[in-house]
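Read off the chains here:
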2 protein chains.
Amino acid sequence: MKKLINHPSDVVLEMVQGIVAAYPNEVELLPDTTVIVRKQKTNGKVGIVSGGGSGHEPAHAGYVGKGMLDAAVAGEAFTSPGPDQVLEAIKAADSGAGVLLVIKNYSGDVMNFEMAAELAEAEGITVEKVIVNDDVAVEDSTYTTGRRGIAGTIFVHKIAGALAETGASLQEVHAAAEKVVQQVRSMGMALSPCIVPGNGKPSFVLGDNEMEMGMGIHGEPGLEREELKSADEVAEKLLQPILEEGVFKTGDHVAVMVNGLGATPLMELYIVNRKIQELLKEKGLHMTKTYVGNYMTAFEMAGCSLTLLRLDDQLYELLQAPCDAPGF
Amino acid sequence: MKKLINHPSDVVLEMVQGIVAAYPNEVELLPDTTVIVRKQKTNGKVGIVSGGGSGHEPAHAGYVGKGMLDAAVAGEAFTSPGPDQVLEAIKAADSGAGVLLVIKNYSGDVMNFEMAAELAEAEGITVEKVIVNDDVAVEDSTYTTGRRGIAGTIFVHKIAGALAETGASLQEVHAAAEKVVQQVRSMGMALSPCIVPGNGKPSFVLGDNEMEMGMGIHGEPGLEREELKSADEVAEKLLQPILEEGVFKTGDHVAVMVNGLGATPLMELYIVNRKIQELLKEKGLHMTKTYVGNYMTAFEMAGCSLTLLRLDDQLYELLQAPCDAPGF
């Protein structure tokens, strides 16, 4: 697979440099790191930090901005960033009110972010964390104990970020983020693999007429590999396991995200969304806000994921709050 | 190539239905058409209408919203919409102050939009038009006499849309749109083809180590097919012919768009942007606003385009003005 890169070993650094070059008034790179931080700091605001392996753009650097993240740590491709980089992000994001870490549930991320939290606490910074595990597909996957964190993470960023902007305390921001984690569920599927730069080999192989339901955003195994279905059938297969969770009840208001994994045209995502919305109506769920686009990708993987978030008044208001992050 | 669709003949209708399902409070579908219009009309505002063949999403339906388009006409895949549909869009967008048509320079679009304009004039609606021909790659291509219109079109939408929102006259909006056309230039390149739904065959074939500079957004021939280069070299090859136009001079302020064609990861677009910004600085051009993302795609084609717009105070202010369109 052909890539517009220079050298595989430089992709992450050059990417974050390219982000800063695009938004030089809004964000900057911490020296000697791949940590993107907001240029304007609000004193006394809770800091929101996230990050993880690269290859999921715009996650996470694209979500740094007013109303969302204060700092994002970019690890190597599909590889958790080390605790030293996360620590730098925490220090940069802290302005006296403490920092919330938003961690996707992969063993490497959890370990490194928790280690960084301990180091930061030792330096006198109060740190709280949420671990996002919205993917209903599988338990205990290649890189995970428990469930994986995927596109639902972006709702955590948005809601925690919006609440922090109001001057809420770390405890309040943490509680809202935890509520999102409790009320968000996702399910993904893939049509074709991606290639990690420098690796050269596809992350997995699917037949010409195959798809995989429940595949992870690093190509981790899903639920079943099966014959390619129509968009409407895929929509049903994505929604069903989410609804079986018991989180969403008739009459609930929900936010919907139909997320592309990188190479799937927006046209197809809209066609999937069409059926999702029809099914939600049938189930008596009220769609209050919908997002269709590439929010949590896997390089040039083709496929999509569906995320549902149960809303109450607080979450709805925070979701609607203004946000300057370029990726949202 | 696998697609998340139902039946190839339904993709455009189901896509626009999926868009309305995503943003039901903001947009609606005109009955028996594939025309997306704003739900809230501002009386006495100049209407802005665009459109063209589908497959370029979020162009154009994703640009319908306050501060941008009033109506977008979605033709079949890579096929101009007929004059009857364009006429319906014009009638819906008119609220007494006339309508500006933003047309990409493809023979089918020009013919059908001009025919619709005549029909609308016959019904008493004042219509002006701009034809966008920003692609510097080639003259007289497969579907075009003169130069093709590509991602620069989005700057025309944004600026005309923002000016119309201020209550400016059709003459003023037309003049600003023409100014953008005069001052915007683009150049694209492709790494891999797309497949039009129902066609089944790739739009062109490139070798494993080949790229094509100057390729059009429907796979029209470019300048040269050559060995795949690094991202930095590609950035130079995109920028050089744009600068040779003589439109951009040392000290000018410019808006930059690094646009993905569909399947190219955002990571790669940022890496290309990094070099573009470096080169712009070397040339003494001031980057005032940058956009990196998928703005004018070609289904799942891999590759990118670069667009530069020379800014003056008016264009800068209009570019910065608020905009609710989901695709921008």
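The rules behind the values
Residues numbered from 1 in each chain as written. Chains lettered and ligands numbered in written order. Predicted model: local features only at pLDDT ≥ 70, side-chain atom pairs only at ≥ 80, totals over all residues. Heavy atoms only, no water. Least-squares fit on C-alpha atoms with pLDDT ≥ 70 in both. Contact = heavy atoms within 4.5 Å. Helix = DSSP H or I, 4+ residues; strand = E, 2+ residues; numbered from the N terminus. Expected span 1.5 Å × (residues − 1). Buried < 20%, exposed > 50% of the residue type's maximum accessible area, 1.4 Å probe, protein only. Domains from an automatic or database assignment. Buried area = accessible area lost by both parts, 1.4 Å probe. Salt bridge = Lys/Arg side-chain N within 4 Å of Asp/Glu carboxyl O. Polar contact = N/O pair within 3.5 Å; in protein donor to acceptor, adjacent residues only side chain to side chain. Pairing = 2+ DSSP bridges. Axes fitted to C-alpha atoms, helices over the stretch in contact; angles between N-to-C directions.

**Digging into the relation of the copies chain A and chain B**
Then step 1. For the pair chain A and chain B, the superposition axis carries a translation of 0.0 Å, the fit reaches an RMSD of 0.0 Å, and the rotation angle comes to 180°. On the angle and the small slide along the axis, the relation comes out as a two-fold axis. Closest approach to the rotation axis among the C-alpha atoms of chain A is made by alanine 263 of chain A, whose C-alpha sits 1.9 Å away.
Then step 2. The fraction of interface residues of chain A whose copies in chain B are also interface residues reaches 100%, indicating that both copies meet through the same surface.

**Things to note about helix H7 (residues 266-282) of chain A**
Then step 1. Between the first and last C-alpha of H7 of chain A there are 24 Å, a value that for 17 residues agrees with the 24 Å anticipated at 1.5 Å per step.
Then step 2. The buried fraction of H7 of chain A amounts to 14 of the 17 residues, a majority that puts the element mostly inside the structure.

**Observations concerning the domain arrangement of chain A**
Residues and elements named next belong to chain A.
Then step 1. For chain A, the assigned domains read domain 1 (11-183) and domain 2 (184-319).
Then step 2. Between the C-alpha centres of domain 1 and domain 2 there is a distance of 22 Å.
Then step 3. On the side of domain 2, 42 residues touch domain 1, which itself brings 40 residues to the contact.
Then step 4. Summing both partners gives a buried area of about 3,300 Å² for domain 1 against domain 2, and 66% of it is carried by carbon and sulfur.
Then step 5. It is Phe78, Phe155 and Gln183 in domain 1 that bury the most area against domain 2; as a group they hold 23% of the surface buried on that side.
Then step 6. Linking domain 1 with domain 2 are 2 salt bridges.
Then step 7. A salt bridge links arginine 147 to glutamate 245, with the nearest nitrogen and oxygen atoms 2.8 Å apart.
Then step 8. Counting the contacts that link domain 1 with domain 2 gives 17 residue pairs in polar contact (both at pLDDT 80 or more).

**Comments concerning the sheet that holds strand S2 (residues 35-38) of chain B**
Residue and element names in this part refer to chain B.
Then step 1. Judged by pairing direction, the sheet is mixed, and its 6 strands sit side by side in the order S1-S2-S4-S3-S5-S6 without closing on themselves. Of all strands in the sheet, those with a lone pairing partner are strand S1 (27-29) and strand S6 (127-132), marking the two edges. On average, each strand axis in the sheet is inclined to that of its neighbour by 20°, with strand direction left out of account.
Then step 2. For strand S5 (residues 99-104) and S6, the ladder comprises 6 bridges, and the chain directions are parallel. When the bridges of S6 are listed, valine 99 appears paired with valine 127.
Then step 3. The sheet contacts of helix H4 (residues 152-165) involve S2, strand S3 (47-54), S5 and S6, and relative to S5 the element is tilted by about 170°.
Then step 4. Relative to the sheet, helix H5 (residues 170-183) contacts S3, S5 and S6, its axis offset from that of S6 by approximately 5°.

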